[in-house]
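# Structure at a glance
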Amino acid sequence: MKKFIEKCYKCNAGVKAARSVKESISLDCLKCIKCGEEYFTSSELVRFDILKGTRRLVRKFGVLGSSTIARIPNSIVEELNIKPGDYGVFEKRPDGILIRPYHAGDLGKQPRTRM
Ligand SMILES: [Zn+2]
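Reference entry: report on the structure contained in this document. These numbers come from a predicted model, not from an experiment.

Let us look at the packing of aromatic side chains. Inspection of the entire model under this criterion finds 1 aromatic pair. With 5.5 Å between their ring centres and 85° between their planes, Y9 and Y39 make a pair best called edge-to-face. Here Y39 lies in strand β3 (residues 38-39) and Y9 lies in the segment before β1 (15-22), a separation of 30 residues in the sequence. Its relative accessible area of 11% is what places Y39 among the buried residues.

Glancing now at the coordination of the zinc ion. For the zinc ion, the full set of protein donor atoms is C8 (SG), C11 (SG), C32 (SG) and C35 (SG), at a range of 2.3 to 2.4 Å. With 4 donor atoms in place around the zinc ion and angles of 97 to 120° between them, the coordination shape is tetrahedral. Here the donor residues of the zinc ion are spaced in sequence according to C-x2-C-x20-C-x2-C. One end of the pair, C11, is in the segment before β1; the other, C35, is in the loop between β2 (25-32) and β3, with 24 residues separating them in the sequence. Judged by relative accessible area, which is 26%, C11 ranks as partly exposed. What makes C35 partly exposed here is its relative accessible area of 41%.

Take the pairing of β1 next. Sheet topology places β1 next to β2; 8 bridges connect them, and they run antiparallel. Pairing of V21 across the sheet is with S26, part of β2. Linking β1 back to β2 in an antiparallel pair, the connection comprises 2 residues, with E23 at a positive phi of about 50°.

Our focus in this paragraph is the sheet that holds β3. Pairing in this open sheet of 3 strands is antiparallel, and the strands run β1-β2-β3 from one edge to the other. Two strands lie at the open edges of the sheet, namely β1 and β3, each paired on one side alone. Pairing analysis gives 2 bridges linking β2 to β3, with the strands arranged antiparallel. The residue bridging K31 from the neighbouring strand is E38, located in β3.

When the charged atoms of two side chains lie near each other, side chains of opposite charge can form a pair. Applying the stated criterion across every chain yields a total of 9 salt bridges. A salt bridge links E23 to K52; its shortest N-O distance comes to 3.5 Å. Note that E23 is positioned in the loop between β1 and β2 and K52 in helix α1 (residues 42-52), a separation of 29 residues in sequence. Residue E23 is classed as exposed on the basis of its relative accessible area of 54%. The shortest N-O distance in the salt bridge between E38 and K31 comes to 3.8 Å. Its relative accessible area of 21% is what places E38 among the partly exposed residues. On the basis of relative accessible area, K31 is assigned to the partly exposed category, the value being 31%. Salt bridges linked by common partners bring K22, K31 and E38 together as one network.

Analysis parameters
- Residues numbered from 1 in each chain as written.
- Predicted model: local features only at pLDDT ≥ 70, side-chain atom pairs only at ≥ 80, totals over all residues.
- Heavy atoms only, no water.
- Phe/Tyr/Trp six-rings, centres within 6.5 Å; stacked < 30°, edge-to-face > 60°.
- Helix = DSSP H or I, 4+ residues; strand = E, 2+ residues; numbered from the N terminus.
- Buried < 20%, exposed > 50% of the residue type's maximum accessible area, 1.4 Å probe, protein only.
- Donors = N, O, S within 2.8 Å, 3.2 Å for Na, K, Ca; no water.
- Tetrahedral: all angles 85-135°; square planar, octahedral: opposite > 155°, others 65-115°.
- Pairing = 2+ DSSP bridges.
- Salt bridge = Lys/Arg side-chain N within 4 Å of Asp/Glu carboxyl O.

The following block contains the structure:
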């Protein structure tokens, strides 16, 4: 594992790569050789949340026919007022995907761009 810190923030001693078991899930960490403080990367903590089912905005990818699907969390659907028939435009980002919703009812009101 990449050494993302060199020294313990608590006691300033060195750290070494280690495994830590939290609630029966094994996680990579950096552990202080003196006081035993453990340091985790954010991706390890996300992995823990996913495996424990405690991360609210995580959905599993699935397959429907020849498509890959993922369900949108209800809280997001409600907050963004997404209705059946609306569109989601996918934008690739360096760190993932952004889905930008467009409401079907608003599309007719937009000024048209000549092609
Ligand atoms: Zn320490």
